[in-house]
Amino acid sequence: MTFTVEVDVPVPMRDGVALATNVWLPDGPGPFPALLVRTPYGKDDAGLYGNPKLPDVFTLVEAGYAVVAQDVRGTSRSPGTFVPHTHEGPDSVDTLTWLAAQPWCDGAVGMWGGSYMGFSQWQAASHGVPALRAIAPVMTSADPYAAPWRSPGGALSQDAVLTWSTLAALRNLRRGPDEGRGDAGALLSGLSDPRSLHEPLPIDGRAVVTRSLPWLGEVLAHPERDAFWQEIASTDHGERITVPALHIGGWFDVFVGETVRSYRMLRRRGGSAAARDGQRLIIGPWSHPDGTDLGTYPDRSFGLAGSIKTAGITEAHLRFFDRWVRGRELPEDTHRVRIFVMGADEWRDEPDWPLPDTRYAGFFLDGGGRANTAHGDGILTPDVPTEEATDTFRYDPRDPVPSLGGTVLATAPGSYPGPADQAAAEAREDVLCFTTPVLERPVEVIGHVTLVLHIRSSTPDTDFTGKLVDVHPDGRAILLCEGIQRVRYRKSLTEPAPLAPGTDAELTLDLGVTANVFRSGHRIRLEVSSSNFPRYDRNTNTGATIATEGADDVLVAVNHVHHGPAHPSRLILPVSERPASEETRP
Ligand code: BEZ
């Protein structure tokens, strides 16, 4: 293979700032279709060229695409100040316009890249640039409030916010004046010792980060989904998006809820038939950080098929871009969706998401009112309970339930994302466990998981959390998906409403998405509590601004979950009744 690379081409933006850009051209006279990636992590960094979650650049060039990699404003070799999200819309538009006008470009451009590199794809797509023909967002979000910075229930994604901001502040330090370098030690120690990063209250006022990245202060100052967030949410402008998307996600990725929500949003509201019908969705048993895409975790391995290597990421990009950027006529795909189904530990092709034959089945919370710990009396049953009961626990923000696996971002010692055993959480009195009897037949759960809780609290605000767990015959309680609802946002993310202490309320929790066969011999378990820390920030229970409250401000909440015929607290599972995959397993 031969190609040419031109490094640090200055691409002018509308305000005169020129962004550093590398241009890889295939051999031959051209002009070529182009594939653009915009990154804050360094266009020259090897991470962009050997990351198994992303397409292989050399293969793209060999296939006849010009590959264009740009440092976003204020990062690596591009001048200016890095303010996350703020410039990505206009700078993407200006780069696409410049690209389409180059003599070596045939005027058709696709965008690709993961995580932050996906934010600018969504923003570019909602600006409607004619040259842009398709996007391929990998493990990312079109609504940065919902993920990664806060959550659909309004809690702060503390682990993601503080870990990522600390890393971004460190990168900014390198560009700043020498006197700032003294902060490097403190920033690094926050990364190597996550307790020192997460535990201090208040969360606000982390000067060591905000000195280099003032944006963190802005995020903390906007707990509601106000104009600050709405302006960067492409999900709010689906009808403006006319290009199709290849979405790639991981069941244990911090972004996965938004990966599928973006797909659904475009299916319903995309601004063209191509955007609505041309999409593809691929989800495997992976989590976010590099090196966690083999599908092998300390408490659960999904076998060789779980590795991202089996998913054909580069081939999927090429086929998608050949169809939508190059405009090649290809045989119609018979499926839009390819998902790894855990439990069956196999890949499946599906026509759409949610799977068209999904039945939403209620599993009711039941028991005598002592569901605390995995050894309590909590029951999960498809039958509507006949007796009323209430389970109660004390939630002390100074002693929160620790996040064990799940969609955490950090991979510090003792904390890793993914399907971790929840035994240590389930031994706590502040964790309610509701479990089915041992299953006699497999139950296939593929789709969006929701939890309805009838609650009461002694405080004006608090949180309720839910986790869906697969209890294996050997006792391992393996986490599948999880969510949180901040009580003040139970009606609206823009207009918080305190709850008068001692009054009842109904909450609906978004527990995210999964694809899992609960095999016979296993049990389905729901855990309910009021914290999941540091995945989410701790509610201080006072109803005041959480980010500014110190350790002495917090209140202890006495929280209740009612269940019974008048209070049908229930887990709603997307069940697909297919011939049991268990029998077909090798
Ligand atoms: C990332 O680019 O990997 C990333 C961006 C925002 C939050 C978490 C991860």
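Quick caveat, the model's predicted, so the values are computed rather than measured.

**Some words on the overall build of the protein**
For step 1, the next point in the chain: Within the protein, the secondary structure is distributed over 14 helices and 23 strands.
For step 2, the next point in the chain: Over its C-alpha trace the protein gives a radius of gyration of 24 Å, about what one expects of a compact globule, namely 25 Å for 586 residues.
For step 3, the next point in the chain: Restricting the contact set of the protein to residue pairs at least 6 apart, pairs at least 24 apart contribute 76%.
For step 4, the next point in the chain: Surface summary for the protein: the accessible area is close to 21,200 Å², and the carbon and sulfur share equals 54%.
For step 5, the next point in the chain: Charge centroids of the protein, computed over 54 positive and 75 negative side chains, lie 2 Å from each other.

**Focus: the layout of surface pockets**
For step 1, the next point in the chain: Roughly 860 Å³ of volume is contained in the largest pocket.
For step 2, the next point in the chain: Together, 37 residues line the largest pocket, and Y41, L167, H288, P289 and D290 are the ones closest to its centre.
For step 3, the next point in the chain: For the lining of the largest pocket, the secondary structure elements donating two or more residues are α3 (116-127), α4 (145-149), α5 (158-175), α6 (184-192) and α7 (194-198).
For step 4, the next point in the chain: The element best represented in the lining of the largest pocket is α5, accounting for 5 residues.
For step 5, the next point in the chain: When its residues are assigned to classes, the lining of the largest pocket shows 22 nonpolar, 11 polar and 4 charged.

**Some details on empty space enclosed by the protein**
For step 1, the next point in the chain: If you walk through the whole model with that rule in mind, you get 2 cavities of 30 Å³ or more.
For step 2, the next point in the chain: Considering only enclosed or pocket space, the largest cavity measures out at about 60 Å³ in volume.
For step 3, the next point in the chain: Lining the largest cavity are V401, V431, T465, G466, K467, E527, V528, S529, S531 and N532.
For step 4, the next point in the chain: Taken together, the elements giving at least two residues each to the lining of the largest cavity come down to β18 (463-471) and β21 (523-529).
For step 5, the next point in the chain: Grouping the constituent residues of the lining of the largest cavity by class yields 3 nonpolar, 5 polar and 2 charged.
For step 6, the next point in the chain: Lining the second largest cavity are W122, P137, M139, T140, S141, H247, I248, E258, T259 and S262.
For step 7, the next point in the chain: Within the residue set of the lining of the second largest cavity, elements represented by two or more residues are β7 (246-252) and α11 (256-269).

**Topic: the confidence of the model for the protein**
For step 1, the next point in the chain: Confidence in the prediction for the protein averages 95 pLDDT; 98% of positions are at 70 or higher.
For step 2, the next point in the chain: Confidence drops under a pLDDT of 50 for residues 582-586, and excluding neighbours within four residues, the segment shows 8 contacts in the predicted structure.

**Considerations on the site of the ligand**
For step 1, the next point in the chain: Surveying the vicinity of the ligand reveals the residues Y41, S115, Y116, P148, W149, W164, F255, H288 and L409.
For step 2, the next point in the chain: Between the ligand and S115 there is a distance of 3.1 Å, counted from an oxygen atom to a side-chain nitrogen or oxygen.
For step 3, the next point in the chain: The backbone of Y116 places a nitrogen or oxygen atom 3.0 Å from an oxygen atom of the ligand.
For step 4, the next point in the chain: For the ligand, whose unbound accessible area comes to 260 Å², protein coverage reaches 92%.
For step 5, the next point in the chain: Counting atoms within 2 Å of the grid points, the majority share of the ligand lands in the largest pocket.
For step 6, the next point in the chain: A class-by-class count of the residues in the shell around the ligand yields 7 nonpolar, 2 polar and no charged.

Rules behind the numbers
- Residues numbered from 1 in each chain as written.
- Predicted model: local features only at pLDDT ≥ 70, side-chain atom pairs only at ≥ 80, totals over all residues.
- Heavy atoms only, no water.
- Helix = DSSP H or I, 4+ residues; strand = E, 2+ residues; numbered from the N terminus.
- Rg over C-alpha atoms; globule rule 2.2 N^0.38 Å.
- Contact = heavy atoms within 4.5 Å.
- Areas by Shrake-Rupley, 256 points an atom, 1.4 Å probe, with all protein chains shown as cover.
- Lys, Arg positive; Asp, Glu negative; His and termini not counted.
- Charge placed at Lys NZ, Arg CZ, Asp CG, Glu CD.
- 1 Å grid on protein atoms, 1.4 Å probe; cavity = no way out; pocket = protein on both sides within 12 Å on 5 of 7 lines; lining within 4 Å.
- Points joined across faces, edges and corners; volume = space filled by probe spheres on them.
- Nonpolar A, V, L, I, M, F, W, Y, C, P; charged D, E, K, R; others polar.
- pLDDT = per-residue confidence, 0-100.
- Near = heavy atom within 4 Å.
- Polar contact = N/O pair within 3.5 Å; in protein donor to acceptor, adjacent residues only side chain to side chain.
- Sits in = over half its atoms within 2 Å of the grid points.

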